[in-house]
Amino acid sequence: MKAIRKISAVSLLCLTLFTVATVSCSEENEPPTVQEIQNNNHQNAKTQFVNVKGNTIAYRTLGNENGIPLVLLPGLGGSMDDWDPAITDGLSKKYKVIIFDNKGVASSEGTTPNTVQAMADDAVDFIKALNLNKVNIMGFSMGGFVAQRIVLTEPSLINKVILTGTGPQGAIGLSNLPNIIAGTAGLSAEASFLKFGFTESSQSIAAGKASYARIQLRTTDRDLPLSDNTSNAQFTAVLSWAQPDADALITLKKIKNPVLIVHGENDLPVSVQNAKNMAQVLEHAELLIFPDSGHASFFQNHETFVNKAIDFLGK
């Protein structure tokens with residue numbers, strides 16, 4: 001959570017949704033050595049940069065496995081440093097994992113678009129700039145919206161999709177997001193993280209605190225804070241996505257790629273019914289619902305999730 005700098009009201013809404021990274025300075029980065037690539041994990045992976053249509057985009061590569069890489073798409077207000085290392089390191093033991101800041105986000109240059117489709121287009125441009133012709137993608141929350149649009153517009157680029165804590169366009173409950181966030185006014189960064197990502201049970205809270213601590217373990221070469229303009233653009237995109245769309249589930253039927261849908265039974269901003277609805281219309285879908293879990297169900301249940309995701313991607 002970037003609590004030190006002054007932010008606008010809309011930016012505050014974005015940052016309190018699910019962002020916990022602390023502010024620190026980014027270093028100028030050189031291409032990693034072979035030894036660094038072999039040892040890459042969430043803690044020590046160096047930030048690299050690639051030029052994407054005139055903008056420098058920041059990314060990190062974890063793991064050194066061959067095969068189809070897995071590209072992660074973060075949620076509203078999130079950057080590379082908002083992923084739980086239990087997830088990224090767990091997945092990178094088997095697969096090459098790529099985390100990045102989309103255009104205008106955190107350490108990446110450019111202007112952040114205010115539509116999900118444009119964010120998807122930018123993500124596709126990034127993937128192609130890395131000379132990758134086939135990837136798996138995993139989207140969390142807003143990143144899940146982006147993932148849906150990527151596979152709908154560039155299906156040949158995508159192998160498999162993992163959707164976590166997300167929903168189709170017009171997702172049930174999402175339009176109430178401003179009111180939900182307003183109810184967290186005055187909470188600390190950790191308390192906001194727990195409110196949005198976890199339930200009120202002692203087990204869920206304990207898991208949330210452990211996740212929060214893991215996310216902040218990386219203390220050097222952390223991402224830059226999101227700008228107010230980026231936060232505003234993202235929030236606009238999410239609220240636009242929240243508008244009812246009678247054809248949303250019909251559109252999802254066009255997705256023929258295998259999809260793993262992961263959701264918390266007690267997700268506050270995005271109702272679990274969204275996951276059930278998507279599973280019913282997607283032709284090759286697997287559904288995993290975690291009980292006593294909220295928006296960050298896969299952080300809370302990271303061991304089970306990682307094992308399931310590895311199994312899903314390996315089929």
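These numbers come from a predicted model, not from an experiment.

Rules used throughout
- Residues numbered from 1 in each chain as written.
- Predicted model: local features only at pLDDT ≥ 70, side-chain atom pairs only at ≥ 80, totals over all residues.
- Heavy atoms only, no water.
- Helix = DSSP H or I, 4+ residues; strand = E, 2+ residues; numbered from the N terminus.
- Buried < 20%, exposed > 50% of the residue type's maximum accessible area, 1.4 Å probe, protein only.
- Contact = heavy atoms within 4.5 Å.
- Areas by Shrake-Rupley, 256 points an atom, 1.4 Å probe, with all protein chains shown as cover.
- Pairing = 2+ DSSP bridges.
- Axes fitted to C-alpha atoms, helices over the stretch in contact; angles between N-to-C directions.
- Core = buried A, V, L, I, M, F, W, Y, C linked by side-chain atoms within 4.5 Å.
- Polar contact = N/O pair within 3.5 Å; in protein donor to acceptor, adjacent residues only side chain to side chain.
- Right-handed = clockwise from strand over helix to strand, strands pointing away.
- Expected span 1.5 Å × (residues − 1).
- pLDDT = per-residue confidence, 0-100.
- Left-handed = near helix turned anticlockwise from the far one by under 90°.
- Nonpolar A, V, L, I, M, F, W, Y, C, P; charged D, E, K, R; others polar.

Draft legend 1. Region of the structure containing the overall build of the protein. When you go through the protein residue by residue, the secondary structure sums to 13 helices and 8 strands. Counting across all 315 residues of the protein, residues that qualify as buried make up 56%. Within the protein, residue pairs in contact and separated by at least 24 positions form 75% of the contacts whose partners lie at least 6 positions apart. Total accessible area on the protein stands at roughly 12700 Å², and carbon and sulfur atoms take up 51% of it.

Draft legend 2. Local environment of the sheet that holds strand β6 (residues 158-164). The strand order β1-β2-β4-β3-β5-β6-β7-β8 describes an open sheet built from 8 strands, whose pairing is mixed. Pairing within the sheet leaves two strands with one partner each, and these edge strands are β1 (48-52) and β8 (285-290). For this sheet, the mean angle separating the axes of adjacent strands, direction not counted, is 25 degrees. Both strand β3 (residues 70-73) and strand β4 (residues 97-100) contribute to a ladder of 3 bridges, which runs parallel.

Draft legend 3. Representation of the nonpolar core. Grouped together as the largest cluster of nonpolar side chains are 49 residues, with contacts concentrated most on F126, I137, I150 and L174. Broken down by element, this core gets its largest block of residues, 7 residues, from helix α4 (residues 116-129). Ignoring anything within four residues of it in the chain, the contact list for F126 reads V50, V52, I57, Y59, I98 and F100. With 33 residues, the next largest nonpolar core counts A58, L70, Y212 and V262 among its residues.

Draft legend 4. Region of interest: the side chain of S204. Looking at the element boundaries, S204 is found in helix α8 (residues 202-215). We classify S204 as buried; its relative accessible area is 0%. Among the polar contacts listed, one links the side chain of S204 to the backbone nitrogen of T199, at a separation of 2.9 Å. A polar contact of 2.8 Å, which involves the side chain of S204, links it to the side chain of Q300.

Draft legend 5. Spotlight on the pairing of β8. Of the pairings in the sheet, the one linking strand β7 (residues 259-264) to β8 comprises 6 bridges and is parallel in character. Within the sheet, the bridge partner assigned to V262 lies in β8 and is L288. Following the chain from β7 across helix α11 (residues 272-281) to the adjacent parallel β8, one finds a crossover that is right-handed.

Draft legend 6. Representation of α4 in the model. Between its terminal C-alpha atoms α4 stretches 20 Å, which fits the 20 Å expected from 14 residues at 1.5 Å a residue. When α4 is considered as a whole, its buried residues turn out to be V116, M119, A120, D122, A123, V124, F126 and I127. In the stretch just after α4, N131 is the one whose phi turns positive, near 60 degrees.

Draft legend 7. Representation of the confidence of the model for the protein in the model. Mean pLDDT over the protein: 90, with 88% of residues reaching 70 or higher. Note on residues 21-38: pLDDT under 50 across the span, and 34 contacts to partners over four residues away in sequence or across chains.

Draft legend 8. Looking closely at the packing of helix α3 (residues 85-92) against helix α13 (residues 302-314). Viewed as axis vectors pointing N to C, α3 and α13 meet at an angle of 35 degrees, and their least axial separation amounts to 10 Å. With respect to the hand of their crossing, α3 and α13 are arranged in right-handed fashion. Together, A86, I87, G90 and L91 of α3 and H302, F305, V306, A309 and I310 of α13 make up the contact between the two elements. Of the residues that constitute the contact of α3 with α13, the class distribution is 7 nonpolar, 2 polar and no charged.

Draft legend 9. Representation of the pairing of strand β5 (residues 135-140) in the model. In terms of burial, β5 is largely enclosed, as 6 of its 6 residues are buried. By the alternation rule, side chains of β5 split into V135, I137 and G139 and N136, M138 and F140, which are all buried. Two elements, β3 and β5, share 4 bridges in a ladder whose sense is parallel. Within β5, the position partnered with L72 by the bridge is M138.

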